[in-house]
Amino acid sequence: MTRLMMAAAATALLAGAAQAEDRGMEFRLGVTAHDLADHVEDGPNVTAELLFASPDFLSGIWSPRPYIYGSFNTNGLTNFGAAGLAWNIPLSDRWHLEIKEGLSYNDGVVDIDQNSPPNDPNRIRLATTRALMGSHYLFHTTLGLDYDVNERWAIGAYYEHISHGQILASGRNQALDNAGVRLSYRFGG
């Protein structure tokens, strides 16, 4: 799935490079369905994000906007924060495709203790109720579609994936797939 998203991101960036537009600082608040692929962990996540204007030195890679992001699970399970770059590709005057790539840190369970006996209650609980992330440091990939309600406000839907992809770590890699909706407010003008 990550390779497919990366290929789609590269294609969209190349196709939309000439259309990229400069966008200023933006705050987003959202909610996502948590752990869609394995559905081991439950509860929606509340998300908050801050995007910044693209600095001039990033113009050679189609002017992505730096972002910081937090995703907080309402059932006290895996939370994560991320930072990276977001590419905005206008599809029309009001519709925008967004592709984000970054790094994240999560507070989830990396793996179960391989030295504990198979019938250990804690081992069984972790294996059946928690996503086993493989690493606290993971890639953060997002694909979103946003609609500008007006100059300041936008609404959107997005899908995100966090995983180490056997690059940042090896072994366990259950990852997390979340999908949700967000409300955006742009500052300045």
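Keep in mind the model is a prediction, meaning the values are calculated, not measured.

### Some words on the pattern of salt bridges
Logical step 1: A complete count under the given rule lists 12 salt bridges for this structure.
Logical step 2: In this structure, the salt-bridge partner of Glu26 is Arg65, at a minimum N-O distance of 3.1 Å. Here Arg65 lies in strand β3 (residues 65-73) and Glu26 lies in strand β1 (residues 26-33), a separation of 39 residues in the sequence.
Logical step 3: Residue classification places Glu26 among the buried residues on the basis of a relative accessible area of 1%.

### A look at empty space enclosed by the protein
Logical step 1: Per the stated rule, a full pass over the model turns up four cavities of 30 Å³ or more.
Logical step 2: Space inside the second largest cavity adds up to approximately 40 Å³.
Logical step 3: Only β1, β5 (95-106) and β6 (137-148) provide two or more residues apiece to the lining of the second largest cavity.
Logical step 4: For the lining of the second largest cavity, the per-class residue count stands at one nonpolar, two polar and eight charged.

### Here's the deal with the pairing of β1
Logical step 1: Only one face of β1 is covered, namely the face carrying Glu26, Arg28, Gly30 and Thr32; the face carrying Phe27, Leu29, Val31 and Ala33 is uncovered.
Logical step 2: Across seven bridges, β1 lies against strand β2 (residues 45-51) in antiparallel orientation. Following the sheet pairing, Leu29 is matched in β2 by Ala48.
Logical step 3: Two strands pair when backbone bridges link them, and β1 and strand β8 (residues 176-186) are joined in this way by eight bridges, in the antiparallel orientation. Following the sheet pairing, Phe27 is matched in β8 by Tyr185.

### Side note on the nonpolar core
Logical step 1: In terms of nonpolar packing, the biggest core is built from 12 residues, these being Leu51, Tyr67, Tyr69, Phe80, Ala82, Ala86, Ala131, Met133, Leu138, Tyr158, Ile162 and Leu176.
Logical step 2: Of all the secondary-structure elements, those providing two or more residues to this core are β3, β4 (80-90) and β7 (153-163).
Logical step 3: With three residues, the top contributor of residues to this core is β4.
Logical step 4: Every residue in contact with Leu176, bar those within four places of it in the chain, is listed here: His34, Asp35, Thr78, Ala131, Met133, Glu160, His161 and Ile162.

### A word on the environment of Thr32
Logical step 1: Within the secondary structure layout, Thr32 lies in strand β1.
Logical step 2: A C-alpha to C-alpha distance of 6.6 Å links Thr32 and Val46, two positions 14 residues apart in sequence.
Logical step 3: When near neighbours in sequence (up to four residues on either side) are disregarded, Thr32 contacts Pro44, Asn45, Thr47, Tyr69, Tyr158, Glu160, Asn178, Ala179 and Gly180.

### Let's talk about a nonpolar patch on the surface
Logical step 1: There is a patch of nonpolar side chains on the surface, built from Met25, Phe27, Leu29, Val46 and Phe187 and spanning about 420 Å² of accessible area.
Logical step 2: Inspection of the secondary structure puts Phe27 in strand β1.
Logical step 3: With relative accessibility at 35%, the residue Phe27 sits in the partly exposed group.

### Digging into the sheet that holds β2
Sheets are built from strands paired through backbone hydrogen bonds, the pairs being either parallel or antiparallel.
Logical step 1: Here eight strands make up a closed barrel; going around it, the order is β1-β2-β3-β4-β5-β6-β7-β8 and the pairing antiparallel. Ignoring which end each strand starts from, the neighbouring axes of this sheet average 25 degrees apart.
Logical step 2: Bridge count for β7 against β8 is 10 bridges, and the pairing is antiparallel. Bridge pairing in β8 places Ile155 opposite Leu183.

### A few points about the pairing of β4
If a strand is regular, its side chains alternate between the two faces of the sheet.
Logical step 1: Most of β4 sits inside the fold, with eight of its 11 residues counted as buried.
Logical step 2: Relative to β4, β3 is paired through seven bridges, and the arrangement is antiparallel. Across the sheet, residue Arg65 finds its bridge partner in β4, namely Ala86.
Logical step 3: Counted along the chain from β3 to the antiparallel partner β4, the turn is six residues long, and its residue Gly76 has a positive phi close to 75 degrees.
Logical step 4: Once β4 ends, the chain turns through four residues before running back antiparallel as β5.

### Describing the side chain of Asp35
Logical step 1: Topologically, Asp35 is positioned in the loop between β1 and β2.
Logical step 2: Within the buried set, Asp35 has no salt-bridge partner at all; the shortest N-O distance to an opposite charge, 8.4 Å, is to Arg130.
Logical step 3: Within the local environment of Asp35, its side chain forms a polar contact with the backbone nitrogen of Glu41, the two atoms lying 2.9 Å apart.
Logical step 4: With residues up to four places along the chain from it excluded, the contact list for Asp35 reads Val40, Glu41, Ala131, Ala175, Leu176, Asp177 and Asn178.

The rules we used
Residues numbered from 1 in each chain as written. Predicted model: local features only at pLDDT ≥ 70, side-chain atom pairs only at ≥ 80, totals over all residues. Heavy atoms only, no water. Salt bridge = Lys/Arg side-chain N within 4 Å of Asp/Glu carboxyl O. Helix = DSSP H or I, 4+ residues; strand = E, 2+ residues; numbered from the N terminus. Buried < 20%, exposed > 50% of the residue type's maximum accessible area, 1.4 Å probe, protein only. 1 Å grid on protein atoms, 1.4 Å probe; cavity = no way out; pocket = protein on both sides within 12 Å on 5 of 7 lines; lining within 4 Å. Points joined across faces, edges and corners; volume = space filled by probe spheres on them. Nonpolar A, V, L, I, M, F, W, Y, C, P; charged D, E, K, R; others polar. Pairing = 2+ DSSP bridges. Core = buried A, V, L, I, M, F, W, Y, C linked by side-chain atoms within 4.5 Å. Contact = heavy atoms within 4.5 Å. Patch = residues over 30% accessible without salt bridge, like charges linked within 9 Å, V, L, I, M, F, W, Y side chains within 5 Å. Areas by Shrake-Rupley, 256 points an atom, 1.4 Å probe, with all protein chains shown as cover. Axes fitted to C-alpha atoms, helices over the stretch in contact; angles between N-to-C directions. Lys, Arg positive; Asp, Glu negative; His and termini not counted. Polar contact = N/O pair within 3.5 Å; in protein donor to acceptor, adjacent residues only side chain to side chain.

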